[in-house]
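Working through the structure, step by step
Spelled out from the first residue to the last, the chains are:
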Amino acid sequence: MPRETGRKLIAQNKRARHDYFIEDTYEAGLVLTGTEVKSLRAGKANLTDGYATVENDETWLYNVYIPEYSQGTWTNHAARRKRKLLLHRKEIGKILAVLKERGLTLVPLSLYFKDGRAKLEVGIARGKKDYDKRQTLREKQDNREMARAFSNAARRKGGR
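Residues numbered from 1 in each chain as written. Predicted model: local features only at pLDDT ≥ 70, side-chain atom pairs only at ≥ 80, totals over all residues. Heavy atoms only, no water.

1. Some thoughts on the pattern of salt bridges
- For the coordinates displayed, the defined rule picks out eight salt bridges.
- Close ionic contact of K133 with D19 constitutes a salt bridge, the shortest N to O distance being 3.4 Å. Separated by 114 residues along the polypeptide, K133 in helix α4 (residues 130-159) and D19 in helix α1 (residues 14-19) bring together distant segments of the chain.
- Between K84 and E58 there is a salt bridge; the shortest N-O distance is 3.1 Å. With K84 in strand β5 (residues 83-86) and E58 in strand β4 (residues 58-62), this residue pair connects regions lying 26 residues apart in the sequence.
- Under the relative-accessibility criterion, K84 is labelled partly exposed at 27%. (Salt bridge = Lys/Arg side-chain N within 4 Å of Asp/Glu carboxyl O. Helix = DSSP H or I, 4+ residues; strand = E, 2+ residues; numbered from the N terminus. Buried < 20%, exposed > 50% of the residue type's maximum accessible area, 1.4 Å probe, protein only.)

Structure representation (structure tokens):
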């Protein structure tokens, strides 16, 4: 059987990009049990309430929901257990130094399979204020309207 290649997205945390300014991102491996991997291969996960911390020079992921595997037996995993993230020691040191600043947190951004292994993209994030969120939404809406106007203009020009 050929080995998997490429990147297959499982879950994305769109809310994190809405609620935070993402300053830096890291790719981390995950320590998972067999039933968690099977559940992820079925495309089931939720990163919305998740966050990560550094404890004793190790990074841990909390509140990420990976549902129990439907064909699992008594060996099934807990859906919201804490999971260890695999990062290089230098990366953990950089993250720890930055997280000591006030108002920064480590949030999961996306969960995916890369060449058959489960990976998590985590970001160092600074919380947005309400007016920042409104400004971001306004910019997205303006860009959408501009794109719509250009496509309508191109359609009118091409139709003549």
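Let us keep going from here.
2. Concerning helix α3 (residues 89-99)
- Every buried residue belonging to α3 is among I92, I95 and L99, and all of these are buried. Projection of α3 onto a plane perpendicular to its axis shows the buried side chains occupying an angular sector of 65°, all on one side. Of the exposed residues in α3, those oriented more than 90 degrees away from the buried face are K90, K94 and A97.
- If you follow the buried residues of α3, they end up packed against β2 (20-30), β3 (51-55), β4, β6 (104-114) and β7 (117-127). (Arc of directions from axis to C-beta. Contact = heavy atoms within 4.5 Å.)

3. Focus on the side chain of N13
- Residue position: N13 is located in the loop between β1 (7-12) and α1.
- At 2.9 Å, the side chain of N13 forms a polar contact with the backbone oxygen of P108.
- The contacts of N13, once residues within four sequence positions are left out, are L47, T48, P108 and L109. (Polar contact = N/O pair within 3.5 Å; in protein donor to acceptor, adjacent residues only side chain to side chain.)

4. Focus: the pairing of β6
- Burial analysis of β6 places nine of its 11 residues in the buried class, the great majority of the element.
- In this structure, β6 lies alongside β7, joined through 10 bridges in antiparallel fashion. Residue pairing for β7: V107 is matched across the bridge by G123.
- Here β6 hands over to β7 after two residues, with D115 in that stretch at a positive phi of 55°. (Pairing = 2+ DSSP bridges.)

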